[in-house]
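Listed here are the chains, written in short residue letters.
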Amino acid sequence: METSNGFPKNIESESSTPEQNDPPVDTAVNLVGDRNDSLETTPDQPAMELPKYIHLAMEQVAKNQGFNAGQFLLDFQPGSSNGDGFVGELFKATLTEGGRRKDFLCKVPPLNEARREQYPVMEIFARETLAYSKFLPLAFSYQEEKGIGREDGFFSVPNCFLAECDEVAEESVIVMEDLRLAGYRMWDKLVPVNYEHARLVMDQLGRLHAVSLALKRDRPQELAQFKELEPFKELAGADSSFVVMLRKMTLDAMDTLEPQETLERTKLQSMHDNMMQNIELFSDGAQAEPFTVVAHGDCWVNNFMFQYVNGTPKNIMLLDWQCLRYVSPVIDLVYFIFCCTDEEFRRCHYDEMMSIYYHSMATLLEKLGHNPQEVFPRTALMRQLRKFGSFGLMMAAFLIPLMSNEELPDMNETAEKFREEQLVDLTVFTKNTNQTAYRKRMSAVIRDAVRYGYV
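Keep in mind that this is a model prediction, so the values were computed, not measured. (Residues numbered from 1 in each chain as written. Predicted model: local features only at pLDDT ≥ 70, side-chain atom pairs only at ≥ 80, totals over all residues. Heavy atoms only, no water.)

Caption draft 1: Inspection of the overall build of the protein chain at higher detail. Within the protein chain one finds 17 helices and ten strands. Residues classed as buried in the protein chain amount to 58% of the 455 residues present. Across the protein chain, contacts joining residues at least 24 apart in sequence account for 79% of those joining residues at least 6 apart. Looking at the protein chain as shown, the accessible area adds up to about 18700 Å², and 47% of this sits on carbon and sulfur atoms. (Helix = DSSP H or I, 4+ residues; strand = E, 2+ residues; numbered from the N terminus. Buried < 20%, exposed > 50% of the residue type's maximum accessible area, 1.4 Å probe, protein only. Contact = heavy atoms within 4.5 Å. Areas by Shrake-Rupley, 256 points an atom, 1.4 Å probe, with all protein chains shown as cover.)

Below, the structure is given as structure tokens:
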């Protein structure tokens, strides 16, 4: 088992309560309740029955945090709602001793056996454990040795107190801080991201990629252990439920086009017909060298939390590192831009977003002692966008139906039905989709991908 701790302290909350111009906030996704909800449990809430290994993990955290064995109380409460997460569950853990209290979030593989069978859950948790125990500490210590502080570098990750994974026993626990206590909130996935939030995302992705590019040159042997990471190889077998869903959703996306949009229809049909070849391209880091980076890999709004001052987002945290992968930096960029913004935003700000990203990457790369024009020139970014940009369209076809869905299904019931019937029933994911919003956002993504020359 691997453990992780000693993460740098997070930025202290400048203002835990936005005072005006509150942005759309999703209070039901991934983290239970709004950050202003009471974290107290009520007397009539029954104690949760969780596997012993989760209790043992929290006992280790308690010891590391200075709680006294046999004297502290440990309480678990649900930390996620139905439909949250394909491959994981969240629980809120509270340690109390005397007048002291500390809250955590525990991320674990699905307790439901059918859900664990549906996806390569343990491989995915092993990857996130590797992120928290190896990659992120390496990125942080490397920057600190170079004299890079929080204001200038990439440190936008929640504190991790423990990360363990035993693939054979099918046990994994990742214990993190509860960011709500510092005033962080999620953006509402039903609403396209606005300029201020998108700017923060692109800036942090630039910093993340800069650290990776610099590590490749300064510590190539240490970075090498992350080059084999590729979640799509595990998820995307030709007959896997993920690929079946992806193919069907691509055809559904085609139906959002108008009859006269024949070019767009032809391009999307080609992407559907060449799905496996495209997945292999997007998954092959060698195809992007020498510009390949260790990317976040799952850049959509549910994996970001924002901290606000007077209603304006000032800080961001990147969550969910289960798709950490060694690929083109473009994979992160187009995933976010095409899935999380709308047509008007891209028309006004697409080029600016790429400039914000590149400036952020180049600035930190230079502070780390490397010449951006040699390591990753702007012309190389443009070429990478043309080569890998269609990944954004592929992921949009998969995600936008879910992001237009006000009520996602119970993932346990869905997995059990799949195990019994061995059929992927997509209607459970799309039956509550707002069709008007879906058609508007999806057709716009297709048109933009064609206009930019990505398909």
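Additional details are given in the paragraphs that follow.
Caption draft 2: Structural detail: the environment of Glu-196. Its place among the elements puts Glu-196 in helix H4 (residues 195-218). Residue Glu-196 is classed as partly exposed on the basis of its relative accessible area of 30%. Here the side chain of Glu-196 touches Arg-199 through a polar contact of 3.2 Å, side chain to side chain. (Polar contact = N/O pair within 3.5 Å; in protein donor to acceptor, adjacent residues only side chain to side chain.)

Caption draft 3: Layout of the packing of H4 against helix H11 (residues 343-367). Axis separation between H4 and H11 bottoms out at 7 Å; the angle between their running directions is 35°. Our pair here, H4 against H11, has a crossing hand that is right-handed. Here the contact of H4 with H11 is built from residues that sort into 16 nonpolar, four polar and four charged. (Axes fitted to C-alpha atoms, helices over the stretch in contact; angles between N-to-C directions. Left-handed = near helix turned anticlockwise from the far one by under 90°. Nonpolar A, V, L, I, M, F, W, Y, C, P; charged D, E, K, R; others polar.)

Caption draft 4: Quick look at the packing of aromatic side chains. On inspection of all chains with the given rule, the structure shows 15 aromatic pairs. Taking 5.9 Å as the distance between ring centres and 65° as the angle between the ring planes, the aromatic pair formed by Tyr-335 and Phe-391 counts as edge-to-face. Pair noted here: Tyr-335 is in helix H10 (residues 330-340) and Phe-391 is in helix H14 (residues 390-403), with a separation of 56 residues, a long-range link. Relative accessible area serves as the criterion here: at 4%, Tyr-335 is assigned to the buried category. The class for Phe-391 is buried, based on a relative accessible area of 0%. (Phe/Tyr/Trp six-rings, centres within 6.5 Å; stacked < 30°, edge-to-face > 60°.)

Caption draft 5: Quick peek at the packing of H10 against helix H17 (residues 435-451). One way to put it is that H10 packs onto H17 with a least axis distance of 9 Å and a crossing angle of 135°. Comparing their axes, H17 and H10 come out oblique. Counted together, Phe-338, Cys-339 and Cys-340 of H10 and Arg-441, Val-445, Asp-448 and Ala-449 of H17 form the full contact between these two elements. Here the contact of H10 with H17 is composed, by residue class, of five nonpolar, no polar and two charged. (Parallel < 35°, antiparallel > 145°, perpendicular 65-115°, else oblique.)

Caption draft 6: Quick peek at the pairing of strand S5 (residues 171-177). Of all seven residues making up S5, six are buried, and the element is well covered by its neighbours. Direction of pairing for strand S3 (residues 100-108) relative to S5: antiparallel, over a ladder of four bridges. Residue Leu-105 lies in a different strand from S5, and its bridge partner there is Met-176. Bridging between strand S4 (residues 160-166) and S5 involves six bridges; their strand directions are antiparallel. (Pairing = 2+ DSSP bridges.)

Caption draft 7: Spotlight on H4. Taking 1.5 Å of rise per residue, the 24 residues of H4 would be expected to cover 34 Å, and the 35 Å separating its terminal C-alpha atoms lies within 8% of that figure. Here H4 lies mainly inside the structure; 19 of its 24 residues are buried. Between the side-chain oxygen at the start of H4 and the backbone nitrogen of Glu-196 there is a gap of 3.4 Å, and the oxygen is on Asn-194. (Expected span 1.5 Å × (residues − 1).)

Caption draft 8: Spatial organisation of the sheet that holds strand S8 (residues 304-309). Reading across the sheet, the three strands line up as S6-S8-S9 and stay open at both edges, with antiparallel pairing between neighbours. What marks the edges here is a single partner per strand, and that holds for strand S6 (184-185) and strand S9 (312-318). Bridge count for S6 against S8 is two bridges, and the pairing is antiparallel. Residue pairing for S8: Tyr-184 is matched across the bridge by Gln-307. The strands touched by H4 are S8 and S9; relative to S9, the strand with the most contacts, the crossing angle is about 40°.

Caption draft 9: Seen up close, the nonpolar core. Of all hydrophobic cores here, the largest spans 117 residues; its most connected members are Trp-321, Phe-336 and Met-442. Looking at which element gives the most residues to this core, the answer is helix H3 (residues 121-145), with 13 residues. In contact with Phe-336, other than residues within four places in its own chain, are Val-193, Ala-198, Val-201, Met-202, Cys-299, Phe-304 and Thr-341. (Core = buried A, V, L, I, M, F, W, Y, C linked by side-chain atoms within 4.5 Å.)

Caption draft 10: A look at the state of the cysteines. Under the criterion given, the structure shown has zero disulfides. Cysteine Cys-340 is unpaired, with the sulfur of Cys-339 as its nearest cysteine sulfur at 5.7 Å. (Disulfide = S-S within 2.5 Å.)

Caption draft 11: Examining the confidence of the model for the protein chain more closely. Residues with a pLDDT of 70 or more make up 80% of the protein chain, whose mean pLDDT is 86. The model gives residues 1-6 a pLDDT under 50, and that stretch makes 24 contacts with residues more than four places away or in other chains. Considering only residues more than four positions removed or in separate chains, one finds that residues 8-21, a stretch of pLDDT under 50, has 39 contacts. (pLDDT = per-residue confidence, 0-100.)

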